[in-house]
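Descriptive structure summary
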Amino acid sequence: MSAETPAVSGQFTRRRLQFRAWRGTRPFWAGLFVMLGGFPIMYFPYAHLQVGHLTLAMATTAGAGSLIIGVLLVVLGISLWFQKHIRTFAGVAAILLGLVSLPVSNFGGFIVGFLFALIGGAMAVSWAPGKSSEPQAAEDADGAQGGAPETGHGKTADGMIAPNDLSGTSPANGANGRHSAG
């Protein structure tokens, strides 16, 4: 290859768009924040700060607890990227681990790790998958059950909204409002 050989045309753009599409289908930023919260929580209890000829050790008696909390936060962050269906569990666990890190790990990694874990956990709990741009198939092939014919989504064939009358239905008489007796 010479200096005049151009790079593969559009390779970077194609990879960037693939990453963007992958990132858009999962709580990516929540996972990143949770992972970033784990690093200061597990690092600071084992760090030694050198000030001139003076070594300042920030080690605490709960160093193992800090390491466990930090590793769990990193694992939860990676899990949010690759297992998006556990987002609620991982978000709540990240928030709880961030709160536990306050007394255990040098005020939650000097508040930095605590804040990242809290924000990432909240983002994970509140994330919801986006709507598909593809049109959905009709819900029922049976058509409407009694009353005006429905086209799906509670609308009649002429575009009016169908009433949702469930009178006379109860678990006691076996009617659930979906099927008519006639």
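Residues numbered from 1 in each chain as written. Predicted model: local features only at pLDDT ≥ 70, side-chain atom pairs only at ≥ 80, totals over all residues. Heavy atoms only, no water.

A short note on the confidence of the model for the protein chain
Going by this rule: The quantity called pLDDT is the predictor's confidence in a given residue, expressed from 0 to 100. Segments assigned H or I by DSSP are reported as helices when at least four residues long, segments assigned E as strands when at least two residues long, and all are numbered from the N terminus. By definition in these notes, contact holds between two residues if any of their heavy atoms fall within 4.5 Å.
Of all residues in the protein chain, 64% have pLDDT values of 70 or greater, and the mean over the chain is 79. In the model of the protein chain, strand β3 (residues 150-152) stands out as the element of lowest mean pLDDT, 48, in contrast to helix α6 (residues 112-126), which has the highest, 95. Within the model, pLDDT remains below 50 along residues 138-144, and this stretch shows 3 contacts once partners closer than five positions in the same chain are excluded. Taken together, the stretch residues 148-152 has pLDDT below 50 and engages in 11 contacts with residues farther than four places along the chain or on a different chain.

Notes on the pairing of strand β2 (residues 54-57)
The criterion, for reference: We treat two strands as partners when DSSP finds at least two bridges between them.
Bridge count between strand β1 (residues 48-51) and β2: 4 bridges; the pairing is antiparallel. Bridging from a neighbouring strand, V51 pairs with L54 of β2. Taking the residues that link successive antiparallel strands as the turn, the β1-β2 hairpin has 2 residues, and the phi of G52 there is positive, at about 65°.

Comments concerning the environment of R23
Put simply, the rule reads: Exposed residues in this analysis have more than 50% of their type's maximum accessible area, buried residues have under 20%, and partly exposed residues fall in between, with area computed by a 1.4 Å probe over protein chains only.
Within the fold, R23 resides in helix α1 (residues 11-23). A relative accessible area of 27% places R23 in the partly exposed class. Measuring from C-alpha to C-alpha, the distance between R23 and W81 comes to 8.3 Å, with 58 residues separating the pair along the chain. Leave out the neighbours within four places in its chain, and R23 touches F28 and W29.

Concerning the environment of V100
By secondary structure assignment, the location of V100 is in helix α4 (residues 87-104). On the accessibility criterion, V100 (41% relative accessible area) is partly exposed. Placed 31 residues apart in sequence, V100 and I69 show a C-alpha to C-alpha distance of 8.3 Å.

Considering the packing of aromatic side chains
Applied cut-off: In summary, the pairing rule links any two rings of Phe, Tyr or Trp, Trp by its six-membered ring, whose centres are within 6.5 Å, and it sorts them by plane angle into stacked for under 30 degrees, edge-to-face for over 60 and tilted for everything else.
Scanning the model with the defined rule gives 11 aromatic pairs in all. The interplanar angle of 10° and the centroid separation of 5.0 Å between the aromatic rings of F28 and W81 together place this pair among those described as stacked. Residue F28 is found in helix α2 (residues 28-43), and its partner W81 is found in helix α3 (residues 63-82); the two are separated by 53 residues along the sequence. Neither residue differs from the other here; F28 and W81 are each classed as buried.

Topic: the packing of α2 against α3
Where we set the bar: Think of each axis as a best-fit line through the C-alpha atoms, taken over the contacting stretch in the case of a helix, with angles from 0 to 180 degrees between the N-to-C directions. Put simply, angles under 35 degrees are roughly parallel, angles over 145 are roughly antiparallel, angles from 65 to 115 are roughly perpendicular, and the rest are oblique. Crossings are classed by handedness, with left-handed meaning an anticlockwise turn of the near helix from the far one by less than a right angle and right-handed meaning a clockwise turn. In the scheme used here, Gly and all other residues not listed as nonpolar or charged are polar, with Ala, Val, Leu, Ile, Met, Phe, Trp, Tyr, Cys and Pro taken as nonpolar and Asp, Glu, Lys and Arg as charged.
At a minimum axis distance of 7 Å, the contact between α2 and α3 shows a crossing angle of 165°. Comparing the axis directions of α2 and α3 gives the class roughly antiparallel. The hand of the α2/α3 crossing is left-handed. The segment α2 lies against α3, with F28, A30, G31, L32, V34, M35, G37, G38, F39, I41 and M42 engaging S66, L67, I69, G70, V71, L73, V74, L76, G77, I78, L80 and W81. For the contact of α2 with α3, the residue count by class is 17 nonpolar, 6 polar and no charged.

Regarding α2
The line we're drawing: To estimate the expected span of a helix, count its residues, drop one, and scale the result by 1.5 Å.
Here α2 spans 23 Å end to end across 16 residues, near enough to the 22 Å set by a 1.5 Å rise per residue. Here α2 has its buried residues at F28, A30, G31, V34, M35, G37, G38, P40, I41 and M42.

Examining the nonpolar core
Nonpolar side chains in soluble globular proteins generally cluster together in the buried interior. Spelled out, the test is: Among buried residues, the Ala, Val, Leu, Ile, Met, Phe, Trp, Tyr and Cys ones that are joined through side-chain atoms within 4.5 Å form a nonpolar core.
Judged by nonpolar contacts, the single largest core of 13 residues is most densely connected at V34, I69, L73, L76, L80, A94 and L97. Listed by contribution, the elements that provide at least two residues to this core are α2, α3, α4 and α6. Beyond its immediate sequence surroundings of up to four residues, I69 is in contact with I41, L97, V100, S101 and V104. Counting residues in each nonpolar core, the second largest holds 5 residues, with F28, M42, V74 and W81 among its members.

Section: α4
The α-helix winds at 3.6 residues per turn, so residues separated by three or four positions along the chain end up facing the same way. Cut-off, in case you're wondering: Each direction from the helix axis to a C-beta atom contributes to the arc, which is the arc of those directions.
The end-to-end C-alpha distance of α4, which contains 18 residues, comes to 25 Å, matching closely the 26 Å that a straight helix rising 1.5 Å per residue would cover. Every buried residue of α4 is accounted for by A90, G91, A93, A94, L97, G98 and S101. The buried residues of α4 occupy an angular sector of 165° when the element is viewed end-on, so they sit on one face. Looking at α4, the residues exposed on the side facing more than 90 degrees away from the buried face are F89 and P103. Its buried side turned inward, α4 meets α2, α3, α5 (106-110) and α6. Immediately beyond the C-terminal end of α4, within one or two residues, lies N106, with a positive phi of roughly 45°.

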